[in-house]
Amino acid sequence: MSGFEQHRDCVERALARARETGADAADAVLVEGDSLEARVRGTEIDFVSQAKERCLGVRALVRDASSGGLRSAIASTTDLSADTILETAAQAVALAQHTAPDPHAGLPEETPATGLPDLGLFDPSDRNVSVEARIEDARRAETAARAFDPRIENSEGSQASSHFSNVTYGHSNGFLESYESAFHSIHSIPIARENGSMQRDTWFSAGRCLRELEDPAAVGRQAAERALRRLGSRQIPTCEAPVIFDSGTAASLVAQLASCLSGYAVYRKASFLGESMGENIAAASVTLIDDGRKPGGLGSKPFDGEGLATRRNVLVEGGRLSSWLLDSYSGRKLGLPSTGNASRSAGSAPGVAATNLWIEPGEASLGDLVAETKRGLLVTELIGMGFNPVTGDYSRGAAGLWIENGEVAYPVEEITIAGNFLEMLRGIDGVGSEILWRGRIASPPLRIAAMQIAGA
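Residues numbered from 1 in each chain as written. Predicted model: local features only at pLDDT ≥ 70, side-chain atom pairs only at ≥ 80, totals over all residues. Heavy atoms only, no water.

Undergrad: Describe the overall build of the protein chain, naming the residues involved and giving the relevant values.
TA: If you tally the helices and strands in the protein chain, you get nine helices and 20 strands. Relative to the compact-globule value of 23 Å for 456 residues, the protein chain shows a C-alpha radius of gyration of 24 Å, a close match. Considered along the principal axes of its C-alpha atoms, the protein chain spans approximately 70 × 55 × 35 Å. Counting every position in the protein chain, which comprises 456 residues, the buried fraction comes to 53%. Here the contacts in the protein chain between residues at least 6 apart in sequence split such that 71% fall between residues at least 24 apart. Summing over all exposed atoms, the protein chain offers an accessible surface of approximately 19100 Å²; the carbon and sulfur share of this is 47%. Where the 44 positive side-chain charges of the protein chain centre and where its 60 negative ones centre are 2 Å apart. (Helix = DSSP H or I, 4+ residues; strand = E, 2+ residues; numbered from the N terminus. Rg over C-alpha atoms; globule rule 2.2 N^0.38 Å. Buried < 20%, exposed > 50% of the residue type's maximum accessible area, 1.4 Å probe, protein only. Contact = heavy atoms within 4.5 Å. Areas by Shrake-Rupley, 256 points an atom, 1.4 Å probe, with all protein chains shown as cover. Lys, Arg positive; Asp, Glu negative; His and termini not counted. Charge placed at Lys NZ, Arg CZ, Asp CG, Glu CD.)

Undergrad: Give me the sheet that holds strand S19 (residues 441-442): which residues, what numbers.
TA: Read from one edge of the open sheet, five strands run S11-S10-S9-S14-S19, paired in mixed fashion. Here the strands that pair on one side only, and so sit at the sheet edges, are strand S11 (320-321) and S19. Where strand S10 (residues 312-317) lies against S11, two bridges are found, and the strand directions are antiparallel. In the strand pairing of S11, Val316 is matched with Leu321. (Pairing = 2+ DSSP bridges.)

Undergrad: How would you summarise the domain arrangement of the protein chain if you had to cite specific residues and measurements?
TA: Here the protein chain is described as being made up of domain 1 (3-227) and domain 2 (233-456). Taken over C-alpha atoms, the centre of domain 1 sits 24 Å from the centre of domain 2. Contacts between the two partners involve 39 residues from domain 1, matched on the other side by 37 residues from domain 2. Summed over both sides, the interface between domain 1 and domain 2 buries roughly 3000 Å², with carbon and sulfur atoms accounting for 57% of that surface. (Domains from an automatic or database assignment. Buried area = accessible area lost by both parts, 1.4 Å probe.)

Structure, rendered in structure tokens:
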């Protein structure tokens, strides 16, 4: 019996046992992960780690006779022996009988995913990657970073990792499917020193297949170059000026926007955009897309955490808010169908998460945005978590490069940028052409016409 067949057998056993012991409906997810990572610092191997884990989670849904709502609970186990699987399913049912009924709980009402596509989520040959090979990748990145310039005199290390996972999900309405995926990465964090100034920076490459990663030496050199350009950083006077977010920092803005588009945030009235459906919330140059079927995407999957087909959702089109991110539960709360964005781990109930989420690139390069900016800030690092999704207030520590007359003048640090998120979205007056995928969320560079910058 193959690995997937074994996993499906485990899920089927759990679902059958849940129904036998009183569940009106049930679902189960089995996740198996296999990972290895290595970090090199200087000439020494800092650490090597190899781990394998698997976990089965069972959710039982028990009908309340008086209200008609469903009581639900989850039990999980890392022991996949036959007896333990049966016991875990029965425990989920027993726990559910003690919870409050919820009229919105339940399995999806929509038709589950069928005809699952091959999304290129892993290369079978990468399964044979050795710890030694990943150590060598980390060593190459570290060596290249330190050799780039004499001012690179230390580092926090260079690290390479590979993670493989198998996901099997099924529910009592007849859905049972599996998929396999991988995630590989390499990053380097060198430290530069000159005239009493010491700075660090990083560069990172990620992909579903090893062949998609940047050359390790190139990663090290790029990280070193970024660290060097921060030497001699200074503060600037408090002012209001245009702010450009590079691809890496702009992605954090997209992630914060996504948190405000979650159906859970909307029905809980925890999003400043909760009453804005159909309204223009951003500049006309902003189109925000979530697509779980993007080939090779770092957030792609053929079905979501409830067995529904993932799909392409346009959340903001030409600045206009056009969709939330929904699973079945939040959709029912809002009177809307799921958008195929359910996400769950083995030990948790479904929630909402983006798949591959990005702002559509424009035509201007980052260099063009800088050249068009007479005086302003290019943000290359954000610090802290100063964002209130209820009010939209935004304030974060930052570092980057100061722009004068369309050119980078000098590095800056120990500053804070602030604004209201809605005003920031509407104030976007430049969308770059370069988009950098390091995870599920990405963005091209974004320029906001004016933000408050607190400095010296």
